[in-house]
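As a plain string of letters, each chain reads:
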Amino acid sequence: MAYQNMGEGALNYTPCRYGNSKLLFRGPQKDLDAPYVAFLGGTETYGKFVEMPFPTLVETSLGVTAVNLGCVNGGVDVFLSDETVLDICRKAEVTVLQIPGAQNISNRFYTVHARRNDRFLRASDELQQLYHNIDFTDFNFTRHLLHTLGAASSKKFAIVREELRRAWTARMETMVEKLHGDVVLLWLSDHAPDDGAACDAIAGDPLFVNREMVEGLRPLVKDVIEVVATKDEIATGYELMVHSDLDAPAAREMLGPVAHAGAAGVLREALLPYV
């Protein structure tokens, strides 16, 4: 069953807000008085173009309320600055945190938008000195910036990538600490964290995150769940996504409902002890 030709807005995300948060989340809004599992993450957690994202599938299979706090293009920064979100997660039975990429966080080289973390705002003096021939006013998005930096100089870009990894590690440690360690990390990707070439490339998600970074967080969390979608699962999932023709390129970047179903199955078993 293909949905590519359905009109704009064919999938209703029923957007909602919680408390004083300025972020829009995927609805319907859930009752926070009942026991619940919080799902924190980026575009995949939100379930863009997916009718039944993995938080919804887990809710159905476990019979426990799932609060989807996925934020499209959200990085660590957007959640660390939102006390409403942090408080919702602290009161959850457990929080599933989809491991984010390292590109959408402010760091020593550049600053991102506080809520739309994929938006590049400004380059630091240090980055301008490192890449003195690049006009940084040309960039609006972090991936465009990184592609250009990587193409300009692989040697210089290795310095930038290492800074992003360092900033990611520090920020993720702070996030887990703020959530009091009641966290299950979810690696959801088209490659494993052991795939060095894929983890170094400016492609896929979570960008630049590798095994060493994930293992560094393992002692701080309840569990680490790894789900790697195959090419066939992603291709099949694309045919089941709900999107307009205009959104087809963006949908191609997503893992799709088959991968979401696989993640939900693994998460169901992992979350049983907490609900």
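Look up a bit, the structure's there.
The model shown is predicted, which means the values in this text are computed figures rather than measured ones. (Residues numbered from 1 in each chain as written. Predicted model: local features only at pLDDT ≥ 70, side-chain atom pairs only at ≥ 80, totals over all residues. Heavy atoms only, no water.)

**Student:** Describe in detail unusual backbone geometry, supporting the description with residues and values.
**Tutor:** Residue P28 is reached from G27 by a cis peptide bond, and omega for that bond is 5 degrees. Within the fold, P28 resides in the segment before β1 (36-41). Note that the residue after D205, namely P206, is joined by a cis bond; omega there is -5 degrees. One can find P206 in the loop between α8 (196-200) and α9 (211-217). Although it is not a glycine, T14 adopts a positive phi angle of roughly 40 degrees. (Helix = DSSP H or I, 4+ residues; strand = E, 2+ residues; numbered from the N terminus.)

**Student:** Residue-level account of the sheet that holds strand β7 (residues 223-228), with values.
**Tutor:** Strand order in the open sheet formed by five strands is β2-β1-β3-β6-β7, and the pairing between neighbours is parallel. The sheet is open, and its two edges are formed by β2 (65-70) and β7, each paired on a single side. Averaged over all neighbouring strand pairs, the angle between strand axes comes to 20 degrees, with direction disregarded. Across six bridges, β1 lies against β2 in parallel orientation. From the neighbouring strand, F39 faces β2, where its bridge partner is N68. Those strands touched by helix α12 (residues 257-271) are β1, β3 (94-98), β6 (183-189) and β7, and its axis lies near 155 degrees from that of β7. (Pairing = 2+ DSSP bridges. Axes fitted to C-alpha atoms, helices over the stretch in contact; angles between N-to-C directions. Contact = heavy atoms within 4.5 Å.)

Such coordinate-based values are descriptive only and should not be taken to indicate function.
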